[in-house]
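# Coordinate inspection notes
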Amino acid sequence: MVQRGPSQPEEVIDSSCEQDKFKRLPLSETLTKKPETFHAETIIVGGGVIGCAIAFELASRGQEVLLVEQSEIASGASCAAAGMLAADSEDFAHPLMAQAAYDSRELLHKHKEQISALTGMDLGLRRNGFITPFRSYGDLSKYKDKRNTTSGVQQLWWDRSTVQREALWLNRDTYGAYYRSLESEVLPVSLTRAYARSAEMMGARILEGVQDVQLIVDKHGVQGIKTAKGEMCCKHIIIAAGLHGEQLMHQVGVVLPSSPVKGEMLAVRFTTDQAGGRPDRTVYAEDVYIVPKANGEVWIGATSLPGRKDHSVSANSMQRLLGAASYWVPGIKEADFVRAWAGIRPSTPDGLPYIGKCEGISGLYAAYGHFRNGILLSAITGRWIADMVEGKSAEEIGIEAFSPERLNRKGVMS
Ligand code: FAD
Ligand code: GLY
């Protein structure tokens, strides 16, 4: 069965988090009666993990915030992700990405406590560590040669006998592995919904099903948005619409390109009899990742298909992913297939996200283009955008490298 994204575990989620119980404003009544009453200091466009994390951060600082989502919370790329917080394993070429990834992973652990105290919701966030295994000394050498991040990564080398002792379920022929104990993973839809729910509990308003968003700007800057449900005024607009951010920016003449990179994944489940073969930590190999989740499933990913926007899942991709996964974790061959899905990563020309103010239009901010790491970078993106809305500059925060204008300055888009 092919679905848009993985289902989330009933057993780890408080029932208040179920989508159909998600608190929504009565759109049709409120907006058709008095559209002019809709005002917020800040409007966020997009209810993926990035938009919801920003809403959470702004609301926690007492800011007045309204989030509009064209469909449902967590219906875009955020519902397709594996949920790995792979700060030490991803090998970021840019030092700011490496630092942001590390800080965001740690911030997510703090948010877990805050969210849990506020809502009682469980994010399925766990710090079980990741294993990067190698078939041979030659493979290990090649890996070391091409890795950008040589310092600051917290890792241990496990030789063959340590691997065999610590990971009984891993291929017995494994030459050795890096073990990165701080790496964590989360249920991405649970995280996104929990951010939205917590933001609401702190006073944010979340509107789903808001279509045809048009940005309203004049010579003074941002004035608000026009939508199929009415007009809404604000001082700040944050575009957190993932892959669709580019189109929204186009409306006001801002060019911030983003391109799709499709990823396919699948889930398997081990029965009680097969439990001995089930991984208890994420395997982050060069050819595949295998992520045991808090809902009892094991997620396997992912392909990377630039330029593809469709959500089909090919038999060939499944064969490749399952072949690689069952090499590392042989027990996967016996596990039950649950489902497969595809999602679209929002990439940018230089691989860095757009996070910051758009020069030339006062009050307009970009927060999209997080490519392979939007779940990981959600917490820090929320913090930085909130800092900027409160008046800090990108320079003060130290994130000029993510500035939306950087490609123009470098002449990439001239
Ligand atoms: P989205 O989740 O796409 O949210 C954007 C939202 O904006 C959508 O809900 C959309 O409906 C809404 N929207 C769009 N246009 C409008 C409009 N005009 N008006 C109103 N709303 C609008 N990241 C990790 O950190 N770890 C992982 O392990 C990981 N694994 C991945 C595996 C796969 C297969 C894929 C595809 C991605 C993975 N990612 C992972 C990347 C991650 O999913 C993305 O970086 C992240 O979800 C982007 O979040 P977002 O909020 O920017 O975008
Ligand atoms: N970060 C994992 C992926 O995008 O596939």
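Residues numbered from 1 in each chain as written. Chains lettered and ligands numbered in written order. Predicted model: local features only at pLDDT ≥ 70, side-chain atom pairs only at ≥ 80, totals over all residues. Heavy atoms only, no water.

Before going further, it helps to spend a moment on the confidence of the model for the protein. Reading fine detail from the predicted coordinates is not recommended where pLDDT is low. On average, residues of the protein score 91 in pLDDT, and 89% of them are at 70 or above. In this model residues 8-36 is a low-confidence stretch, pLDDT under 50, and it forms 61 contacts with partners more than four residues away in sequence or in other chains. (pLDDT = per-residue confidence, 0-100. Contact = heavy atoms within 4.5 Å.)

Once that is clear, we can look at the sheet that holds strand β10 (residues 214-218). Reading across from one edge, β10-β11-β12 is the order of the 3 strands in this open sheet, with antiparallel pairing throughout. Each edge of the open sheet is held by one strand with a lone partner, namely β10 and β12 (230-233). The mean angle between the axes of side-by-side strands here comes to 25°, regardless of whether they run parallel or antiparallel. Bridge count for strand β11 (residues 221-227) against β12 is 4 bridges, and the pairing is antiparallel. Note on β12: the bridge partner recorded for I225 is M232. (Pairing = 2+ DSSP bridges. Helix = DSSP H or I, 4+ residues; strand = E, 2+ residues; numbered from the N terminus. Axes fitted to C-alpha atoms, helices over the stretch in contact; angles between N-to-C directions.)

Surveying the vicinity of ligand 1 reveals 37 residues, the closest of which are E69, S78, M84, R372 and L376. Within the backbone of A77, a nitrogen or oxygen atom sits 2.9 Å from an oxygen atom of ligand 1. Here G374 contributes a backbone N or O atom positioned 2.9 Å from an oxygen atom of ligand 1. For ligand 1, the protein covers 95% of the area, taking 1,000 Å² as the surface of the free molecule. Only α2 (49-60), β3 (65-69), β14 (259-269), β19 (336-347) and α9 (374-389) provide two or more residues apiece to the shell around ligand 1. A per-class count over the shell around ligand 1 returns 19 nonpolar, 15 polar and 3 charged. (Near = heavy atom within 4 Å. Polar contact = N/O pair within 3.5 Å; in protein donor to acceptor, adjacent residues only side chain to side chain. Areas by Shrake-Rupley, 256 points an atom, 1.4 Å probe, with all protein chains shown as cover. Nonpolar A, V, L, I, M, F, W, Y, C, P; charged D, E, K, R; others polar.)

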